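# Analysis of the macromolecular model
Residues per chain, in single letters:
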Amino acid sequence: YDFFATGDTLAMCGAAAAVHISSVPMSKAVAGVRIGRVDGKWVVNPSATQLKQHSDVDLVVAGTRSSVLMIEGACAFLSEAQLVEAVKVAQESIARICDAMDELKRLAGKPKDEMELFKPSEELMRTVGKYTEGLEEAIASQGKQNRDERIREIRGNMYLALKPSKEEFAKDPEEAEAKAILIDIAWKKTIAEYMRKIICRTGIRPDGRQLETVRPIEIIPSYLEGPHGTCLFTRGETQALCVATLGGETMAQRFNSIDEDGTDRFYLQYSFPPFSVGEVGRVGYPGRRELGHGKLAERALLPAMPSRE
């Protein structure tokens, strides 16, 4: 590792190339690149120095030769047109990397294993479709809890009619379990198709909003009296209680990574305890989801933070 190029996108491409030439049944090459912007010009896979000192954009894009699969990043501010341009530059580079992977596969690739996809048959899809009476009205009903209950009732009637019997479980438990899973997959595909048809036909989403409408947000500042700063955000049925704590330079968070050692003067800790959504679970150190979501929120807020000066 030369500390010049960022290692994550290189690792992504290396792992994807290894899978592409292996016998793993992956049909298309996948690659990822990082996009920066230096002096107003797009830079593919900028150096670590360029990214940290000169670029106002840090965007990671992954995809195949013909489509984008993932976008993650942060920037000072970008217009929609600029973001589209950045993704286009990334896609062109990804296509060239995928071409190189295909050539590598031609020279050194193994034959792919033949695998049968585990998916519901057309007959099962049609059978599940016979138990969707009232589903469109249930999807369009107002209130998330009311909507979920109505959909759950229809799904329960469908599953009661189609689920494997006790005799089937006794005869072949694995086959019966597979049948139950396929029924569940078929139901999810069916309800997704219904939702898409409703939205395409009416231009209205299940909760009653139009395609361009953002849910209203309620903001209550100074929600708690003790901390330095607090705010309660409510949007729909989701709430976030944010607490800010101020500290001196000695309270900066120290870190060491493959690239450098240093300190963060701003860091965000995200907590999602199970009881916040009415569940029972472990309460303790943050999990993978909390760490990942916390980092995303931190990157989103960093451009709005004042400089040290």
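With that out of the way, let us pick up the overall build of the protein. Across its full length, the protein carries nine helices and nine strands. Against the compact-globule benchmark of 19 Å for 309 residues, the protein has a radius of gyration of 25 Å, which places it well outside the compact range. Reported as C-alpha extents along the three principal axes, the dimensions of the protein are approximately 70 × 65 × 40 Å. In the protein, which comprises 309 residues, the share counted as buried stands at 26%. A separation threshold of at least 6 residues defines the contact pool for the protein, and within that pool the share at least 24 residues apart is 52%. With the model as given, the accessible surface of the protein reaches about 21700 Å², and the carbon-plus-sulfur share is 56%. Each charge class in the protein was averaged separately, 41 positive and 45 negative side chains, and the resulting centres sit 2 Å apart.

Below, the discussion takes up unusual backbone geometry. Backbone geometry at Asp39 places phi at a positive 55°, although glycine is not the residue there. Take Asp39: its relative accessible area is 74%, and that puts it in the exposed class. Within the chain, Asn45 stands out as a residue other than glycine whose phi angle is a positive 50°. Within the secondary structure layout, Asn45 lies in the loop between strand E2 (41-44) and helix H2 (48-54). With a relative accessible area of 33%, Asn45 lands in the partly exposed category.

Attention shifts here to the nonpolar core. Most often, soluble globular proteins keep nonpolar side chains buried together rather than apart. Counting residues in hydrophobic clusters, the biggest one holds 18 residues, and the most contacted among them are Ala31, Ile35, Trp42, Leu59, Ile94 and Met101. Contributions of two or more residues to this core are made by helix H1 (7-21), strand E1 (31-38), strand E3 (57-63) and helix H3 (80-108). Per-element tally for this core: the top contributor is H3, with six residues. When sequence neighbours within four positions are dropped, the list of residues in contact with Met101 reads Cys13, Ala16, Ala17, His20, Ala29, Val30 and Ala31. Formed by 16 residues, the second largest nonpolar core is a distinct cluster that contains Leu124, Leu135, Leu162 and Trp187.

The sheet built from three strands is open, its strands ordered E5-E6-E7 with antiparallel pairing. The two strands at the open ends of the sheet, each matched to only one other strand, are strand E5 (217-221) and strand E7 (238-244). The sheet shows a mean angle of 15° between the axes of neighbouring strands, taken without regard to direction. Pairing of E5 with strand E6 (residues 229-235) involves five bridges; the strand directions are antiparallel. Bridge pairing in E6 places Ile217 opposite Arg235.

Reading guide: rules and limits
- Residues numbered from 1 in each chain as written.
- Predicted model: local features only at pLDDT ≥ 70, side-chain atom pairs only at ≥ 80, totals over all residues.
- Heavy atoms only, no water.
- Helix = DSSP H or I, 4+ residues; strand = E, 2+ residues; numbered from the N terminus.
- Rg over C-alpha atoms; globule rule 2.2 N^0.38 Å.
- Buried < 20%, exposed > 50% of the residue type's maximum accessible area, 1.4 Å probe, protein only.
- Contact = heavy atoms within 4.5 Å.
- Areas by Shrake-Rupley, 256 points an atom, 1.4 Å probe, with all protein chains shown as cover.
- Lys, Arg positive; Asp, Glu negative; His and termini not counted.
- Charge placed at Lys NZ, Arg CZ, Asp CG, Glu CD.
- Core = buried A, V, L, I, M, F, W, Y, C linked by side-chain atoms within 4.5 Å.
- Pairing = 2+ DSSP bridges.
- Axes fitted to C-alpha atoms, helices over the stretch in contact; angles between N-to-C directions.

Read these as layout, nothing more, since geometry by itself doesn't imply function.
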